[in-house]
Amino acid sequence: MKKFLFVAMAAAAMVACTPKQSAMDLDEVTTDGNYATVKVNAYYNPGEHEVNGTTINEEKVATGLKMVAKVAYADYSYSTAAPAGDLKIAGVDNGDGSYTFQIPCGDKGVKVKEIKVEPKQYERWSTTTKMDTAYYTVTANTLALPLSVSKGQVELGKITMGVDAAILPTDYSMNEKTFVIKGKVTKVTETIDYKDADADPKDKASNVNGIELKYVKAADVTLEVTVESTADTEKKLVYTTTTNEDGEFSYDVKYYTTWDLDDIQVTVEAKSFVPESNFVHRVFKYKTEESAYFTATQSVYGFYKKAATAPQKSAAYAELIGINYGEIQMTFEAEDKASIFGDAALGLKDGGNAGDTSNKLYKSIGGGLWD
């Protein structure tokens, strides 16, 4: 009782009185007896099932529901300038499938405009011999809403809960089966590409073909594994793992029992990271005054950018052979691109030989690293 007195007092405060009585007197809506009582009995049907060869189909009381009745604040006002919004009265769960609302009202009476019931998950028979869970929502209500009530009035009604196929269960349990995802993470580097690896080391300058981009193993990279179902967009599983010293990863993916393996898709993202030491940029340039090429290195601060795979669809055979993502390549992002020696046309720092077209990075893999 005290709970509803408090709610009613709050409602009365929001529609504060004027000397002309723009709202009911405070004692008119809070004094014991100045309530209408609305009681509903709720039921759900778990579906047909067989017991000793007999088919059973019967209603059960729907316990544990959360219900809220709404009355417009305007109903508590005598003024034409009615306040906006609704007074919300929580239903009391009596524990037996019945729910009671005490609606504050005086002789003027008010209208219960809506009784809102949160969807509730119950067990049901998916076949006559197998059970699962499903969400139930209101499919029938014998109370004719809006329902006009005044103090002392008692109204009884019945609410029927039916399965809402659009809402999937969220009380998931994990499948004991798993499937494996695997792959390798690499990070980009620049190396010198020699024309002849067996040439005299003293003849390196003339033996250089250029600077080549290569991807090498990336150890201890954090991976985020996202597992989703195309049939259940409300839920996803996120796991983390790391690559080993060879940049490889292998992970046993768990998924919900309610998910069909054929609907599952998995995305793997290699998280960005700052390397322990700066990136080594290789410079291969032509020195005009010496009429010769030379190589040099430049230390570049920055980070390796995250690299994500496209969502890869699982399938029934994934339980046997898993999903192989192959190589996930991580590129490098320099903090100050303009400080890097290379081609000015790429927004890099010119090496000092204006107009020298050889003053640029060697492009061997789909364009220069700093494009």
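Keep in mind that this is a model prediction, so the values were computed, not measured.

Draft legend 1. Just the overall build of the protein chain, in detail. Looking only at helices and strands, the protein chain features 4 helices and 28 strands. Looking at the protein chain as a whole, 37% of its 371 residues qualify as buried. A sequence separation of at least 24 residues applies to 68% of the contacts in the protein chain between residues at least 6 apart. Within the structure as shown, the protein chain displays about 20500 Å² of accessible surface, and the carbon and sulfur contribution to it stands at 48%.

Draft legend 2. Broad picture of unusual backbone geometry. The omega angle of the peptide bond from Leu145 to Pro146 is 0°, so this bond is cis rather than trans. A positive phi angle, near 60°, is found at Asp220, a position not held by glycine. Turning to its location among the elements, Asp220 is positioned in the loop between strand S15 (208–217) and strand S16 (222–229).

Draft legend 3. Focus on the confidence of the model for the protein chain. Summarising the model, the protein chain shows a mean pLDDT of 77, and 71% of its residues fall at 70 or more. The least confident element of the protein chain, judged by mean pLDDT, is helix H1 (residues 2–14) at 38; the most confident is strand S7 (residues 92–93) at 96. Note that residues 1–28 has pLDDT below 50 and, in this model, 51 contacts with residues that lie over four places away or in other chains. Throughout residues 352–368 the model reports pLDDT below 50, and contacts reaching past four residues in sequence, or to other chains, amount to 39 contacts.

Draft legend 4. Local environment of the nonpolar core. Formed by 33 residues in total, the largest nonpolar core has its most connected members in Phe179, Ile181, Val185, Val227, Phe249, Ile264 and Val266. Aside from chain neighbours lying at most four places away, what touches Val266 is Phe179, Ile181, Val225, Thr226, Val227, Thr309, Ala310, Pro311, Gln312, Ile323 and Tyr325. Counting residues in each nonpolar core, the second largest holds 29 residues, with Leu65, Ala69, Tyr122 and Ile159 among its members.

Draft legend 5. Quick look at the sheet that holds strand S12 (residues 147–149). Read across the sheet, 4 strands follow the order S6-S5-S9-S12 without closing on themselves; strand pairing throughout is antiparallel. Of all strands in the sheet, those bounded by a partner on one side alone are strand S6 (86–90) and S12. Strand-to-strand twist of the sheet, defined as the mean angle between neighbouring strand axes without regard to direction, takes the value 35°. In terms of strand pairing, strand S5 (residues 67–72) meets strand S9 (residues 110–117) through 5 bridges, oriented antiparallel. Its bridge partner being in S9, Val71 is matched across the sheet by Val112.

Draft legend 6. Spotlight on the pairing of S9. Of the pairings in the sheet, the one linking S9 to S12 comprises 3 bridges and is antiparallel in character. Bridging from a neighbouring strand, Lys111 pairs with Ser148 of S12.

Draft legend 7. Highlighting the pattern of salt bridges. Across all of its chains, the model carries 7 salt bridges by this definition. Two residues, Glu269 and Lys271, come together in a salt bridge whose shortest N-O distance is 2.8 Å. The exposure class assigned to Glu269 is buried, which follows from its relative accessible area of 15%. Relative accessible area serves as the criterion here: at 29%, Lys271 is assigned to the partly exposed category. Salt bridges here are not isolated pairs; linked through shared partners, they connect Glu224, Glu269 and Lys271.

Draft legend 8. Representation of the pairing of strand S1 (residues 35–44). By the bridge criterion, 7 bridges tie S1 to strand S8 (residues 98–104) in an arrangement that is antiparallel. Bridge pairing in S8 links Lys39 to Thr100. When S1 meets strand S4 (residues 60–61), the two strands line up antiparallel, connected through 2 bridges. Among the inter-strand pairings, Tyr43 is bridged to a residue of S4, identified as Val61.

Draft legend 9. Spatial organisation of the side chain of Thr189. Tracing the backbone shows Thr189 in strand S14 (residues 174–194). With residues up to four places along the chain from it excluded, the contact list for Thr189 reads Glu212, Leu213, Lys214, Val216 and Phe279.

Draft legend 10. View of the layout of surface pockets. Reported here for the largest pocket is a volume of approximately 340 Å³. As for the largest pocket, its lining consists of 18 residues, of which Lys187, Pro275, Glu276, Ser277 and Tyr304 are closest to the centre. Those elements giving two or more residues to the lining of the largest pocket turn out to be S14 and strand S20 (279–287). Grouping the constituent residues of the lining of the largest pocket by class yields 9 nonpolar, 3 polar and 6 charged.

Draft legend 11. How the structure looks around the environment of Lys337. Locating Lys337 in the fold gives a position in the loop between strand S26 (332–334) and strand S27 (341–342). When the C-alpha atoms of Lys337 and Tyr301 are compared, they prove to be 9.6 Å apart, with 36 residues separating the residues in sequence.

Draft legend 12. Structural detail: the side chain of Thr137. Relative to the helices and strands, Thr137 resides in strand S11 (residues 131–141). Once residues lying within four places of it in the same chain are set aside, the contact partners of Thr137 are Pro119, Thr160, Met161, Gly162, Asp164 and Ile167.

Draft legend 13. Quick look at the environment of Met330. Mapped onto the elements, Met330 comes out in strand S25 (residues 323–330). Measuring from C-alpha to C-alpha, the distance between Met330 and Ala270 comes to 7.8 Å, with 60 residues separating the pair along the chain.

Draft legend 14. Seen up close, the packing of aromatic side chains. One pass over the structure, following the stated rule, counts 9 aromatic pairs. With a centroid separation of 4.7 Å and 25° between ring planes, the pair formed by Phe279 and Phe332 is classed as stacked. Taken together, the residues Phe279 in strand S20 and Phe332 in strand S26 connect sequence positions 53 residues apart. Under the relative-accessibility criterion, Phe279 is labelled buried at 4%. For Phe332, a relative accessible area of 3% gives the class buried. Grouped by ring-pair contacts, the aromatic residues Phe273, Phe279, Tyr304 and Phe332 constitute a single cluster.

Calculation rules
- Residues numbered from 1 in each chain as written.
- Predicted model: local features only at pLDDT ≥ 70, side-chain atom pairs only at ≥ 80, totals over all residues.
- Heavy atoms only, no water.
- Helix = DSSP H or I, 4+ residues; strand = E, 2+ residues; numbered from the N terminus.
- Buried < 20%, exposed > 50% of the residue type's maximum accessible area, 1.4 Å probe, protein only.
- Contact = heavy atoms within 4.5 Å.
- Areas by Shrake-Rupley, 256 points an atom, 1.4 Å probe, with all protein chains shown as cover.
- pLDDT = per-residue confidence, 0-100.
- Core = buried A, V, L, I, M, F, W, Y, C linked by side-chain atoms within 4.5 Å.
- Pairing = 2+ DSSP bridges.
- Axes fitted to C-alpha atoms, helices over the stretch in contact; angles between N-to-C directions.
- Salt bridge = Lys/Arg side-chain N within 4 Å of Asp/Glu carboxyl O.
- 1 Å grid on protein atoms, 1.4 Å probe; cavity = no way out; pocket = protein on both sides within 12 Å on 5 of 7 lines; lining within 4 Å.
- Points joined across faces, edges and corners; volume = space filled by probe spheres on them.
- Nonpolar A, V, L, I, M, F, W, Y, C, P; charged D, E, K, R; others polar.
- Phe/Tyr/Trp six-rings, centres within 6.5 Å; stacked < 30°, edge-to-face > 60°.

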